[in-house]
Amino acid sequence: MSQGRILKVAGPLVVAEGMPEARMYDVVYVSDFRLIGEIIEIKGDRASIQVYEETGGLGPGDPVYSTGEPLSVELGPGLLSSIYDGIQRPLDKVRAQAGDWITRGINIPGLDHERLWDFVPTAKPGSSVSGGSMLGTVQETDLIEHRVMVPPGIAGELLDMVPAGRYTIDSPVAKIRTASGSVADVRMCQKWPVRKARPVGEKMAPDEPMVTGQRIIDAFFPVGKGGTACVPGPFGSGKTVIQHQLAKWADAEIVVYVGCGERGNEMTDVLQEFPELQDPRSGKPLILKTVLVANTSNMPVAAREASVYTGVTIAEYYRDMGYSVALMADSTSRWAEAMREMSGRLEEMPGEEGYPAYLGTRIAEFYERAGKVRCQGGDRTGALTIVGAVSPAGGDMSDPVVQATLRVVKVFWSLQARLAYMRHFPAIGWLESYSLYVDNLGEHYARELGGDWAGMRDRSIALLQDEANLLEIARLVGAESLSAEDQLTLYTARSLREDFLHQIAFHEVDTYCSPSKQKAMLGLIMQTHEAMRAALAAGVPPRSLFEIMSRESVARARYAPEGAPEYFEKALADIRAEIAALSAAASVEGAR
Ligand SMILES: Nc1ncnc2c1ncn2[C@@H]1O[C@H](COP(=O)(O)OP(=O)(O)OP(=O)(O)O)[C@@H](O)[C@H]1O
Ligand SMILES: [Mg+2]
């Protein structure tokens, strides 16, 4: 281990000299506290180091030890159910060793190296293998089978496999003779530098939606499995609730949740709530398929910068096994602010609003790690979906982080302060938001929801757009001047907003709505619309139509149980009967 000396300390930034062999992004231990840091700038034999822990008490002359290795995570069985800090230290073990949040100089590995895992070999000696080839399996949790793979970069002939049995992640399970003739031991644990994307076979276009059970998302602005989405919004508009809802309900096999620089109590919610939540599909605890990376606002700023990379690398590892993985990051603004702080201390030339000039590149590189992919080393496809919350100051959408994010992500869920203020949740603006996946997912919808789904969706979005225009006209010339048809548009648009788009995250039933129930709900609203339109044409006065008793069943549809089409059949029959009675009365009236 080569050794330098501290020249100066400026908050989380330490400048050291006497480090001629230093390389960018190498990890160093700073002072005899052995605080963990990473080299982020080199000038001659001077290295600037971002330190992931409080630097109080450090001073010039203190030693700096270089490890010669980049910031990496350990990948192997034992990741699931873990709760890590920004540099993959297990929080429970840190706490056991050091008390609450006092983490200085504690170097605990991300995985348990003593634990024995039941390894079942699946590969045959004599076969040729390469990075990503599956060697065996481990039942990591009740929900997830861990696929032990050859690490990227190793290829050759599989010489030997251990028999099925219990092994630690450090004991070799396979021997591979590489092209150069040397023999490599492969273990259940591999390391990967967090700032580098793990290699994939081939990227494919997302063609399957990630179902979230949130109506406005699935029906109007869906994200594909392997896609990217962002949720920008002002303070208190519901970013965190949406991310939590996705973590709970999205149909991803693995969830990685990165709490980045958010308030400690929000993260505490996650930490307390998650272990108790059940996976709706298996009925098992959700935590068995989840990895949490928690880096709250009271933790050092530099570790925040690392936490999104730690999270995405773990997510890629499970994608490589062929799983569909969802990564939620709340909030990427705090990550960008950490970047800004380090850049300022390095005295780099600032770009917009003091963010470094490379802000856009970093954000793009992060989201580019998403994708639906053909995995390396086998006939598997995996997907990594990334959803980032963005919290611009004052909800200002011209904020550089928002703008840089919108340039790369394909789905925009635009949270509106106005809606949150009216307590219309999720406060996703239906006029402002978009999804560029709708066309790619068309075939899937036609297959799963039938050919009429797309048309119904388009008509309801059009109604909401018409509503915005009509409200404007009504504001200028008064609502009385609107035609009966326009009044119906306002009536149905309101029903769409209140009975379909509005969804209560904290209601036992309403919290999740399956795609088929979404279709039934939207169908009920749109068929009511059609029946009313016919009745208007038959001369029924709009007012009596809009006050039918059976409209209550539309408002209550959200509480109907899953898999109960009879609710919707009866509701529609009642509505049609009531409208028919009004039409009959109108025609008697007309005949007089
Ligand atoms: N889908 C929802 N259903 C019911 N209530 C909601 C929903 N979404 C948000 N809320 C309400 O809005 C509040 C604020 O939401 P949240 O904490 O997610 O906002 P945020 O955008 O993350 O705020 P911050 O900027 O402070 O991080 C919640 O505590 C909850 O009361
Ligand atoms: Mg929040």
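Residues numbered from 1 in each chain as written. Chains lettered and ligands numbered in written order. Predicted model: local features only at pLDDT ≥ 70, side-chain atom pairs only at ≥ 80, totals over all residues. Heavy atoms only, no water.

S.K.: Quick one: what's the story with the overall build of the protein, residue by residue and with numbers?
M.R.: A tally of regular secondary structure across the protein gives 16 helices and 26 strands. By principal-axis analysis of the C-alpha atoms, the protein measures approximately 100 × 55 × 40 Å. Scored against the burial criterion, the 592 residues of the protein give a buried share of 56%. The contacts of the protein with a sequence gap of at least 6 include a subset with a gap of at least 24, amounting to 70%. About 24,500 Å² of surface is accessible on the protein, with carbon and sulfur atoms providing 52% of the total. (Helix = DSSP H or I, 4+ residues; strand = E, 2+ residues; numbered from the N terminus. Buried < 20%, exposed > 50% of the residue type's maximum accessible area, 1.4 Å probe, protein only. Contact = heavy atoms within 4.5 Å. Areas by Shrake-Rupley, 256 points an atom, 1.4 Å probe, with all protein chains shown as cover.)

S.K.: An account of the packing of aromatic side chains is requested, with residue identities and associated values reported.
M.R.: With the rule as written, the count across this model stands at twelve aromatic pairs. Ring plane angle 50 degrees and centroid distance 6.5 Å describe the contact between Y445 and W453, whose orientation is recorded as tilted. Taking the relative accessible area as the measure of exposure, W453 reaches 2% and is therefore buried. Where Y491 meets F546, the ring centres are 4.7 Å apart and the plane angle is 10 degrees; that geometry is what we call stacked. (Phe/Tyr/Trp six-rings, centres within 6.5 Å; stacked < 30°, edge-to-face > 60°.)

S.K.: Describe helix α13 (residues 515-537), naming the residues involved and giving the relevant values.
M.R.: With 23 residues, α13 extends 33 Å from end C-alpha to end C-alpha; this agrees with the ideal 33 Å at 1.5 Å per step. In the stretch just after α13, G539 is the one whose phi turns positive, near 95 degrees. (Expected span 1.5 Å × (residues − 1).)

S.K.: Explain the site of ligand 1 to me, using residue names and the numbers behind them.
M.R.: Near ligand 1 lie 18 residues; those nearest to it are G236, G238, K239, T240 and V241. Between ligand 1 and Q503, the relevant distance is 3.4 Å, taken from a nitrogen atom to a main-chain nitrogen or oxygen of the residue. The contact in question runs from a nitrogen atom of ligand 1 to an N or O atom on the backbone of A505, over 3.1 Å. With three residues, helix α3 (residues 239-249) is the largest single contributor of residues to the shell around ligand 1. Looking at the shell around ligand 1, its residues break down into eight nonpolar, five polar and five charged. Lining the shell around ligand 1 are residues from two domains, each supplying at least three of them: domain 3 (202-434) and domain 4 (450-591). (Near = heavy atom within 4 Å. Polar contact = N/O pair within 3.5 Å; in protein donor to acceptor, adjacent residues only side chain to side chain. Nonpolar A, V, L, I, M, F, W, Y, C, P; charged D, E, K, R; others polar. Domains from an automatic or database assignment.)

S.K.: Can you explain the packing of helix α11 (residues 453-477) against α13? Please cite residues and give values.
M.R.: Between α11 and α13, the shortest axis-to-axis distance is 10 Å and the interhelical angle comes to 60 degrees. As judged from the angle between their axes, α11 and α13 are oblique. By crossing handedness, the relation of α11 to α13 is classed as left-handed. Between α11 and α13, the contacting residues are W453, M456, R457, R459, S460 and L463 on the first element and Q518, K519, L522, G523, M526 and H529 on the second. Across the contact of α11 with α13, the residue classes tally to five nonpolar, four polar and three charged. (Axes fitted to C-alpha atoms, helices over the stretch in contact; angles between N-to-C directions. Parallel < 35°, antiparallel > 145°, perpendicular 65-115°, else oblique. Left-handed = near helix turned anticlockwise from the far one by under 90°.)

S.K.: I'd like a description of the pairing of strand β4 (residues 35-43), backed by residues and values.
M.R.: The element β4 is largely enclosed, with a buried count of seven among its nine residues. Note that strand β3 (residues 26-30) and β4 share four bridges and pair antiparallel. By the bridge assignment for β4, Y29 is matched with I36. From the end of β3 to the start of β4, which pair antiparallel, there are four residues, and S31 there has a positive phi angle of about 65 degrees. The sheet contact formed by β4 and strand β5 (residues 46-51) spans six bridges and is antiparallel. Counted as the bridge partner of I42 is A47 from β5. Remark: two residues form the turn of the hairpin made by β4 and β5, two consecutive strands paired antiparallel; G44 in that turn has positive phi of roughly 60 degrees. (Pairing = 2+ DSSP bridges.)

S.K.: Quick rundown of the pairing of strand β24 (residues 381-390)? Include the residues and the values.
M.R.: Taking burial as the measure, the ten residues of β24 include nine buried ones, the bulk of the element. Direction of pairing for strand β19 (residues 228-232) relative to β24: parallel, over a ladder of five bridges. Opposite P232, over in β24, you have V390 as the bridge partner. Of the strand pairs in this sheet, strand β22 (residues 324-330) and β24 are connected by six bridges, and their pairing is parallel. Considered in β24, the bridge of S324 is made with A383.

So, to be careful, I would describe these as geometric facts and stop short of saying anything about function.
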